[in-house]
Amino acid sequence: MKRKAQLDVQFNWIFVLIAGAVILALFFKVANTQRQLSADKAAIRLQNDFDAITTAALQSKDTIQTVPLPKLGLNFDCADCSCSIKFGRFSIPFNDRSIFSPYTVEGADAKLWTLDWKAPFRATNFLFITNDFVKIYLVGNDPVLDRIKAAMPADVRFEQISDVKDATNEKYSRVVFVTLGNDAPAIQTVMNSKFKDVDVHVVVVSASTNDLTFYKRNKNMIEKENAVDDSGQTIMTAFFGDEMLFGAIMAQDMEDYSCNAITAFKRLEGVGRVYQQRAVELKDTTKNPACGAEYTVITKTNDLEGGFDAANDGPLPTIIKFAHKTVVDESSPDFNILQIAADSLAASNEKLLRLSCPTVY
Amino acid sequence: MKAQIKLFESIAVMVVFAFLLIFGVNFYFGIQKTSVNRELARASQLHMFGLAQKISFLPELDCAIAGIQEEACIDASKLSAFASVLDDSNPQSSAISALYFPVFGWSTVTVTQIYARNAVPPTAVRQVTLYNNTLPKYKESSKMQVPILIFNATGSQSTEGTYAFGYIEVTQYAK
């Protein structure tokens, strides 16, 4: 009888332990699920807000606005040119947006600066994201750097210095150096000695060839970025227009810049094709022979889907083919071709305006 | 015997308690999931509104005279050219549609003109399907209409330089 009572007591304790464990596990699950749901809800809300902010910002030109940042900051990712902004488990893909930003933007707020990119018609708007933790040094005295300085909004932290040795480590989390020509080795030396603990991004501009060379931190050293990807493909490192140059300055690195520039060229191809179709329709319907002649000059081509044909292609097909080649090859063709075609199209458009004909763009 | 009854009583209480707990937890999570789904639906609505807004600012469609852009206005001749470029009869349409997938995604975009003073009759409806990319086996679709002005940059003497009233309709598909 005594033995049975002992078993009863033991069984009761086991029962209490199991039931307690089940109840405890349930509470843990509830708390955990609640935490996950709250995080998801906050992430979705942030995602909505940021999507709306970037969409609205991209519809305005040459504006800068300050937006408050979430506690976790903004985190970007551009793996294999599939760029997105991450919010917890959720992310917003860039899609057709060209957003040039460091991969991590932390702090109380961020500056969102927009510029429209033209070649010569507006193809897309660029969005640049920076904040007070990023400092841009323009190294040297050159008309290109003076132009960058003049166009840089006052809200962006930048300074023009004549020598890279004048740069001081003011404990910014990211420092960008923009320079021309051959002072890259000097910058490397200064970076490796003065800016050991800082995220460094160096852009060397070659104004004559519209080409860019990028340097970034690799462990403790600042090293030149290889303009060839893992598959041996050359990466697009050229720029067209000052807006794209600003993109190179504001981007995380060479790959980030290249991906966003390729997105812009996709938009250029699309817009160009619509304008080509419109110009052909205007040519076919106009009753003014002078207008018709100008539309013919602008749109002439033997085959819009063929290769470059300088002798037979008008400026608009040249721009479309150039953009297509840049997108397909993801490399840097001779940007002088695009400059000449853009100048020629701009001149024709002016002429159409003077002739009181509907303009192409 | 008495102890056995007591044990069964305890088990019964625990079972009832567990049932109540599971019911409560399910009910609570149900409400939480509904609120997350509501946020997702709001996100989808906002995205669609953003898309409709973006369309009127696309350089392919915007009313820009000498580089000056008008708000909430699309150019009729650009609209017709854009629709032709994306039309299925165009041999390059699939390649060009691929260029526009990042812009429009899984959606159908139509532009409808509902009133033009110089049209006969002025209320004659003209509809242009700009982009049509329906998500295969979609489960949900939502629509949004945004009013716009349609500018006639070209046309006959009576219609050139005039504005018509219309709307952009965006239908977005989701699984």
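Reading the values: the criteria
- Residues numbered from 1 in each chain as written.
- Chains lettered and ligands numbered in written order.
- Predicted model: local features only at pLDDT ≥ 70, side-chain atom pairs only at ≥ 80, totals over all residues.
- Heavy atoms only, no water.
- Helix = DSSP H or I, 4+ residues; strand = E, 2+ residues; numbered from the N terminus.
- Rg over C-alpha atoms; globule rule 2.2 N^0.38 Å.
- Contact = heavy atoms within 4.5 Å.
- Salt bridge = Lys/Arg side-chain N within 4 Å of Asp/Glu carboxyl O.
- Buried < 20%, exposed > 50% of the residue type's maximum accessible area, 1.4 Å probe, protein only.
- Phe/Tyr/Trp six-rings, centres within 6.5 Å; stacked < 30°, edge-to-face > 60°.
- Expected span 1.5 Å × (residues − 1).
- Buried area = accessible area lost by both parts, 1.4 Å probe.
- Nonpolar A, V, L, I, M, F, W, Y, C, P; charged D, E, K, R; others polar.
- Pairing = 2+ DSSP bridges.
- Axes fitted to C-alpha atoms, helices over the stretch in contact; angles between N-to-C directions.
- Disulfide = S-S within 2.5 Å.

Novice: So what about the overall build of chain B? Which residues, and what values?
Specialist: Each helix and strand counted, chain B has three helices and six strands in total. Secondary structure elements of chain B, listed N to C terminal, follow the sequence α-β-β-α-α-β-β-β-β. Here chain B has a C-alpha radius of gyration of 27 Å; the compact-globule value for 175 residues is 16 Å, and the former is much larger. By its C-alpha atoms, chain B is 105 × 35 × 30 Å across when sized along the principal axes.

Novice: Before we move on, can you summarise the environment of Ile235(A) with the specific residues and values?
Specialist: All names here are of chain A. Structurally, the position occupied by isoleucine 235 is in the loop between strand E14 (221–224) and helix H4 (241–250). A sequence separation of 209 residues divides isoleucine 235 from leucine 26, and the C-alpha atoms of the two residues are 53 Å apart. Discounting chain neighbours no more than four positions away, the residues touching isoleucine 235 are Asn226, Ala227, Val228, Asp229, Met254, Ser258, Glu330, Ser331 and Ser332.

Novice: Give a description of the pattern of salt bridges that names residues and reports values.
Specialist: Counted under the stated rule, the structure contains 23 salt bridges over all chains. Of the charged contacts in the structure, one is a salt bridge between Arg122(A) and Asp62(B), with a shortest N-O distance of 3.2 Å. Pair noted here: Arg122(A) is in strand E8 (residues 122–130) and Asp62(B) is in strand E1 (residues 62–65), and the two residues belong to different chains. The two residues Arg122(A) and Asp62(B) agree in class, both being buried. Put simply, Asp242(A) and Arg147(A) hold a salt bridge, and the shortest N to O gap is 2.7 Å. In this pair, Asp242(A) is assigned in helix H4 and Arg147(A) in helix H2 (residues 143–151), connecting sequence segments 95 residues apart. Here Asp242(A) falls in the partly exposed class, since its relative accessible area comes to 24%. Residues joined by salt bridges that share partners form a network here, namely Arg45(A), Glu39(B) and Arg42(B).

Novice: Account for the packing of aromatic side chains, with residues named and values stated.
Specialist: Residues and elements named next belong to chain A. Taken as a whole and assessed by the stated rule, the structure comprises 29 aromatic pairs over all chains. Seen in terms of ring centroids, phenylalanine 100 and phenylalanine 126 are 5.1 Å apart; in terms of plane orientation they differ by 80°. Their pairing is edge-to-face. Residue phenylalanine 100 is found in strand E5 (residues 98–100), and its partner phenylalanine 126 is found in strand E8; the two are separated by 26 residues along the sequence. You'll find phenylalanine 100 and phenylalanine 126 in the same group, each marked buried. Three or more aromatic residues joined by ring pairs make a cluster, and in this case those are Phe100, Trp113, Trp117, Phe126, Phe128, Phe214, Phe240, Phe246, Tyr257, Phe265, Phe322 and Phe335.

Novice: How would you sum up helix H7 (residues 315–329) of chain A? Please name residues and give values.
Specialist: Residue and element names in this part refer to chain A. The terminal C-alpha atoms of H7 lie 21 Å apart, and with 15 residues this matches the ideal 21 Å at 1.5 Å per residue to within 8%. In terms of residue burial, H7 counts as a mostly covered element, since eleven of its 15 residues are buried. Those residues of H7 not exposed but buried are Pro315, Leu316, Pro317, Thr318, Ile319, Ile320, Lys321, Phe322, Ala323, Thr326 and Val327. Contacts made by the buried residues of H7 are with helix H5 (254–285), helix H6 (289–299) and helix H8 (335–354). Once H7 finishes, glutamate 330 follows within two positions and takes phi at roughly 50°, a positive value.

Novice: I'd like to hear about the interface of chain A and chain B, residue by residue, with values.
Specialist: Counting residues at the interface gives 39 residues for chain A, matched by 47 residues for chain B. Taken over both partners, the interface formed by chain A and chain B buries close to 3900 Å², and the fraction arising from carbon and sulfur atoms is 65%. The salt bridge involving Arg278(A) is made with Asp75(B); its shortest N-O contact spans 3.5 Å. Every element with two or more residues in the side of chain A that touches chain B is listed here: helix H1 (2–58), E8 and H5 of chain A. For the side of chain A that touches chain B, the element with the most residues is H1(A), which contributes 18 residues. Of the residues belonging to the side of chain A that touches chain B, the class tally is 15 nonpolar, nine polar and 15 charged.

Novice: Describe in detail the sheet that holds strand E9 (residues 134–139) of chain A, supporting the description with residues and values.
Specialist: All names here are of chain A. With respect to topology, six strands assemble into an open sheet ordered E10-E9-E11-E12-E13-E14, the strand pairing being mixed. The two strands at the open ends of the sheet, each matched to only one other strand, are strand E10 (158–161) and E14. Mean inter-strand twist for the sheet, computed between neighbouring axes without regard to direction, equals 20°. With six bridges connecting them, E9 and strand E11 (residues 174–180) associate as parallel partners. What sits directly across from isoleucine 136, in E11, is valine 176.

Novice: Give me the lowdown on the pairing of strand E12 (residues 199–206) of chain A, citing residues and values where you can.
Specialist: If a strand is regular, its side chains alternate between the two faces of the sheet. Residue and element names in this part refer to chain A. Of all eight residues in E12, six are buried, a share of seventy percent or more. Pairing analysis gives six bridges linking E12 to strand E13 (residues 211–218), with the strands arranged antiparallel. Following the sheet pairing, valine 204 is matched in E13 by threonine 213. Where E12 hands over to E13, the hairpin turn is made up of four residues, of which asparagine 210 adopts a positive phi near 55°.

Novice: Tell me what's going on with unusual backbone geometry, and back it up with residues and numbers.
Specialist: Residue and element names in this part refer to chain A. The step from alanine 119 to proline 120 runs through a cis peptide bond, and the omega angle for that step is -10°. Considering the arrangement of structural elements, one finds proline 120 in the loop between strand E7 (109–118) and E8. Unusually for a residue other than glycine, asparagine 95 sits at a positive phi of about 50°. Within the element layout of this structure, asparagine 95 appears in the loop between strand E4 (90–93) and E5.

Novice: Can you explain the environment of Tyr215(A)? Please cite residues and give values.
Specialist: Residues and elements named next belong to chain A. Topologically, tyrosine 215 is positioned in strand E13. Using a relative accessible area of 10% as the deciding quantity, one classes tyrosine 215 as buried. The spacing of tyrosine 215 and tryptophan 117 is 98 residues in sequence and 25 Å in space, taken between C-alpha atoms.

Novice: Report on the state of the cysteines, specifying residues and quantitative values.
Specialist: Residue and element names in this part refer to chain A. Counted by the stated rule, this structure contains four disulfides over all chains. One disulfide in the model links cysteine 81 with cysteine 259; its S-S distance is 2.0 Å. Here the disulfide of cysteine 81 and cysteine 259 is left-handed, its torsion about the S-S bond being about -85°. You can see cysteine 81 sitting in the loop between strand E2 (74–79) and strand E3 (82–87) and its partner cysteine 259 sitting in helix H5, a full 178 residues away along the chain. Judged by relative accessible area, which is 3%, cysteine 259 ranks as buried. Disulfide pairing is shown between cysteine 291 and cysteine 357; the S-S distance is 1.9 Å. Here cysteine 291 and cysteine 357 share a disulfide; its torsion about the S-S bond, -80°, makes the bridge left-handed. On the criterion of sequence distance, the pair formed by cysteine 291 in helix H6 and cysteine 357 in the segment after H8 is long-range, its members being 66 residues apart. You'll find cysteine 291 and cysteine 357 in the same group, each marked buried. Sequential numbering of the bridged cysteines in chain A gives the disulfide pattern 1-3, 2-4, 5-6.

Keep in mind these numbers describe shape, not what the thing actually does.
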